[in-house]
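Each chain, letter by letter, is given below.
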Amino acid sequence: MFTGIIEEMGEITAIAPAGDGWRLTVRAPRAAADAVHGESIAVSGVCLTVVGSTADTFDTDVMKQTLDVAAIGSATVGTRVNIEKAMPVGARLGGHIVQGHVDGTGDVLEVRPGAQWSVLRISLPHDLAPLVVDKGSISVDGTSLTVSAVSAPADPSPWFEVSLIPETLAATTLGVRAVGDRVNLETDILARHVERLLAFRAAPEGGSR
């Protein structure tokens, strides 16, 4: 379990084939310093398991399914990534509940710089659009953010916006995102549960759709 509060920016330093997936080496000195074999680390919002480490890097395997659904599938050596270690029991929940299970990806449609912040407009897959609400929480590349605007329900090309404060721009990869960049999206787990419950309520008695 994560909170979407990024601890450091890391860099992918090696990518090696591993069956139909990848083995990644990520340079992230703060996370690697006390990394333990088998622990979970979120890499740009993707929950991955540590399989080896040095003083400043850790290795992790990425399965094909993850490569297919997450933006990490287009990463290359040198790609910068957001790093967050799993939240310890009893810690403050500084962002929101983030599982590290990417729901899908979106493309940066617009970047509007401001005097003290930037606004990013990001496309939404149609199936995720009902789960994103104004002033609600969303994880973008593992970063816990508050939605500042959403498209209308009838919009044929759904989108949402987030406003990034200077700290977020400096401490995460979102500060260098440009139009056309692909980002990982994880919607609020509470919204996903509500959607599932409503689907059963709407299903015919004695079955589900």
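Residues numbered from 1 in each chain as written. Predicted model: local features only at pLDDT ≥ 70, side-chain atom pairs only at ≥ 80, totals over all residues. Heavy atoms only, no water.

A.B. asks: Just to check I follow, could you spell out the pattern of salt bridges for this structure?
C.D. replies: Pairing between side chains becomes possible if they bear opposite charge and their charged atoms approach one another. Enumeration according to the criterion identifies 12 salt bridges in this entry. When the shortest N-O distance is used, the salt bridge between Lys-64 and Asp-68 registers 2.8 Å. Highlighted residues: Lys-64 and Asp-68, both in helix α2 (residues 64-69), separated by four residues, approximately one helical turn. For Lys-64, a relative accessible area of 40% corresponds to the partly exposed category. (Salt bridge = Lys/Arg side-chain N within 4 Å of Asp/Glu carboxyl O. Helix = DSSP H or I, 4+ residues; strand = E, 2+ residues; numbered from the N terminus. Buried < 20%, exposed > 50% of the residue type's maximum accessible area, 1.4 Å probe, protein only.)

A.B. asks: Before we go on, may I ask you to explain the sheet that holds strand β12 (residues 182-187) in this structure?
C.D. replies: The strands that make up a sheet pair up through hydrogen bonds in the backbone, lying either parallel or antiparallel. Pairing within the closed barrel is antiparallel, and its six strands lie in the order β7-β8-β11-β10-β9-β12. For this sheet the average axis-to-axis angle between neighbouring strands, irrespective of direction, equals 45 degrees. Sheet topology note: the strand β7 (residues 104-113)/β12 ladder contains four bridges and is antiparallel. Its bridge partner being in β12, Asp-107 is matched across the sheet by Arg-182. (Pairing = 2+ DSSP bridges. Axes fitted to C-alpha atoms, helices over the stretch in contact; angles between N-to-C directions.)

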